[in-house]
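Each chain, letter by letter, is given below.
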Amino acid sequence: MAALSDVPVPHVLELRQVRVEDMEFLLEEETAVWRTQLDWDFRPSAGLVRRFVEMQALSGHCLMLGGRVIGYTYFVCEDRKGLIGDLYVVDEFRTPEHESLLVSATLESLMKTPYVRRIESQLMMLGMPLDRPLPYWQWLHVHGRQFMEASLAEAAKLPVRATADILFQLWTERAQEEAAHLIPAAYRGHVDSQINDQYRSIAGARRFLLNIVQYPGCGSFFASGSLLALRADTGRICGMCLSSLVAPDTGHITQVCVDPSVKAMGVGYELLRRSLDALAAQGCGKVSLTVTSANGEAIALYERMGFCTRRRFAAYVWEGF
């Protein structure tokens, strides 16, 4: 029997200390898991990780065991906030202890970063997301989230609920500034503004929209399935639904919000229905979205429109450290 001292112990390295070739198996496995478990083509995101690791330009950590990379995480800083973008440990070595090693190393790096006062993350592949201790728990707030999915085969059967008071049009970049004003109005006092502080300000909403439209983290932006609702009397934007393509046959709803002044008028329903129609016309068979578990009103709407919860995960916020 080998002595305990001979048993390999995992250790953490900075991502800049590993070669992209050493991460190939890990990224291939993660890509396969996203496709199998979420119908999501992770290849564009994995490609960005490869590119920035190769350039030694990605901040983060990897978990090493016996000279092998068995896990990684990366993060970015934005103003006074840190964002943990991803965390994945290969199935063979996936344990809460190994995941927590990466979480701890990343939190320590971010907490030492000048001016960072808040850290956010939504880690889809983290094991036992709602039933586990995490490092620096004294500053941690956990919000349950749900990944919901629907078949688009029934989308055409959803009844139209448009009203004469509301007009609908396709997304246009010219509307981006006005849409940025809508977001903080729609999320004022909402639980989602506790999860994502970009929802609290116009400047934050601008960054949020830029990320959704231009970067592949939530898929490839699908303009034909992204819509705006406008008040017929003023022409002002009072709601929007943005969508993306996360695989050739799968769509994703990245944002649905309406101004409080038009709540209970069916605006959110009609925006979403039209997005689902457009995704079905594109050839998608499925569509997904994420929602905070405390948002019972939204979940009830999504379930009436055919969505079912496929995965439960968590949004994490460390603040006040």
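Owing to the predicted nature of the structure, the values given are computational and were not obtained by experimental measurement.

Asker: I keep staring at the overall build of the chain and nothing clicks. Help me out?
Answerer: Assigned secondary structure in the chain consists of eight helices and 13 strands. Computed over C-alpha atoms, the radius of gyration of the chain comes to 21 Å, within 12% of the 20 Å expected from 2.2 N^0.38 for 321 residues, which places it in the range of a compact globule. When burial is assessed residue by residue, the chain has 52% of its 321 residues classed as buried. Contacts in the chain between residues far apart in sequence, at least 24 positions, make up 74% of those at least 6 positions apart. For the chain, the exposed surface amounts to about 15200 Å²; the carbon and sulfur share of it is 53%. For the chain, the distance from the average position of its 32 positive side-chain charges to the average position of its 37 negative side-chain charges is 5 Å.

Asker: In this structure, what is going on with the packing of helix H4 (residues 176-187) against helix H6 (residues 202-214)? I would like to understand it.
Answerer: Relative orientation and spacing of two packed helices are given, respectively, by the angle between their axes and the distance between those axes. Their axes nearest at 8 Å, the elements H4 and H6 cross at an angle of 120 degrees. The orientation of H4 with respect to H6, classified from their angle, is oblique. Of the two elements, H4 crosses H6, and the hand of that crossing is right-handed. Residues Gln176, Glu177, Ala179, Ala180, His181, Ile183 and Pro184 of H4 lie in contact with H6, whose contacting residues are Ile202, Ala205, Arg206, Phe208, Leu209, Leu210 and Val213. Across the contact of H4 with H6, the residue classes tally to ten nonpolar, two polar and two charged.

Asker: What exactly am I supposed to notice about the side chain of Thr250 here?
Answerer: Within the secondary structure, Thr250 is located in strand E11 (residues 250-258). Judged by its relative accessible area of 2%, Thr250 falls in the buried class. From its side chain, Thr250 meets the backbone oxygen of Asp39 in a polar contact 3.4 Å long. Side chain to side chain, Thr250 and Asp249 meet in a polar contact 3.2 Å long. Apart from residues no more than four positions distant in its own chain, Thr250 is found in contact with Arg35, Asp39, Ser244, Leu245, Cys284 and Lys286.

Asker: What is the right way to look at the environment of Gln122 in this model?
Answerer: Within the fold, Gln122 resides in strand E5 (residues 118-122). The class for Gln122 is partly exposed, based on a relative accessible area of 33%. Put simply, Gln122 and Ile84 are 38 residues apart on the chain and 7.7 Å apart in space, counted from C-alpha to C-alpha. Excluding its chain neighbours within four sequence positions, the residues that come into contact with Gln122 are Arg145, Ile195, Phe313, Ala314 and Ala315.

Asker: Would you mind showing me how to read the packing of aromatic side chains here?
Answerer: Any two aromatic rings considered together are summarised by their centre-to-centre distance and by the angle between their planes. Scanning all chains against the criterion turns up nine aromatic pairs. Clustering of aromatic rings is evident, with ring pairs tying together Trp34, Trp40 and Phe42. Here the basic side chain of Arg51 rests over the ring of Phe52, its NZ or CZ set 5.1 Å away from the ring centre. Cation over ring: Arg161 sits above Tyr269, and NZ or CZ is 4.2 Å from the ring centre.

Asker: For this particular structure, what's the right way to read the pairing of strand E9 (residues 227-231)?
Answerer: In terms of burial, E9 is largely enclosed, as four of its five residues are buried. With five bridges connecting them, strand E7 (residues 166-170) and E9 associate as antiparallel partners. Counted as the bridge partner of Leu170 is Leu227 from E9. In the sheet, E9 pairs with strand E10 (residues 237-247) via four bridges, with the strands oriented antiparallel. In the sheet register, Leu228 faces E10, and the bridge partner there is Met240. Between E9 and the antiparallel strand that follows it, E10, lie five residues; Gly235 among them carries a positive phi value of about 75 degrees.

Asker: Looking at this model, I keep getting lost on helix H3 (residues 96-111). Mind explaining?
Answerer: Residues spaced three or four apart along an α-helix face the same direction, because each turn holds 3.6 residues. The terminal C-alpha atoms of H3 lie 22 Å apart, and with 16 residues this matches the ideal 22 Å at 1.5 Å per residue to within 8%. Looking at H3, one finds that the buried residues are His98, Glu99, Ser100, Leu102, Val103, Ser104, Ala105, Thr106, Leu107 and Leu110. Tucked into the core, H3 has its buried residues touching strand E1 (11-14), strand E2 (60-65), strand E3 (68-78), strand E4 (81-89), E5 and strand E13 (308-319).

Asker: Looking at this model, I keep getting lost on the packing of helix H1 (residues 24-38) against helix H2 (residues 43-54). Mind explaining?
Answerer: Direction vectors running N to C along H1 and H2 enclose 160 degrees, while the axes themselves pass 9 Å from each other. Looking at the two axes, H1 sits roughly antiparallel to H2. Classified by chirality, the crossing of H2 by H1 is right-handed. Packed against H1, whose contacting residues are Glu24, Leu27, Glu28 and Thr31, the element H2 presents Arg43, Ala46, Val49 and Arg50 at the interface. Looking at the contact of H1 with H2 residue by residue, the class counts come to three nonpolar, one polar and four charged.

Reading the values: rules and limits
- Residues numbered from 1 in each chain as written.
- Predicted model: local features only at pLDDT ≥ 70, side-chain atom pairs only at ≥ 80, totals over all residues.
- Heavy atoms only, no water.
- Helix = DSSP H or I, 4+ residues; strand = E, 2+ residues; numbered from the N terminus.
- Rg over C-alpha atoms; globule rule 2.2 N^0.38 Å.
- Buried < 20%, exposed > 50% of the residue type's maximum accessible area, 1.4 Å probe, protein only.
- Contact = heavy atoms within 4.5 Å.
- Areas by Shrake-Rupley, 256 points an atom, 1.4 Å probe, with all protein chains shown as cover.
- Lys, Arg positive; Asp, Glu negative; His and termini not counted.
- Charge placed at Lys NZ, Arg CZ, Asp CG, Glu CD.
- Axes fitted to C-alpha atoms, helices over the stretch in contact; angles between N-to-C directions.
- Parallel < 35°, antiparallel > 145°, perpendicular 65-115°, else oblique.
- Left-handed = near helix turned anticlockwise from the far one by under 90°.
- Nonpolar A, V, L, I, M, F, W, Y, C, P; charged D, E, K, R; others polar.
- Polar contact = N/O pair within 3.5 Å; in protein donor to acceptor, adjacent residues only side chain to side chain.
- Phe/Tyr/Trp six-rings, centres within 6.5 Å; stacked < 30°, edge-to-face > 60°.
- Lys NZ or Arg CZ within 6 Å of the ring centre and 35° of its normal.
- Pairing = 2+ DSSP bridges.
- Expected span 1.5 Å × (residues − 1).

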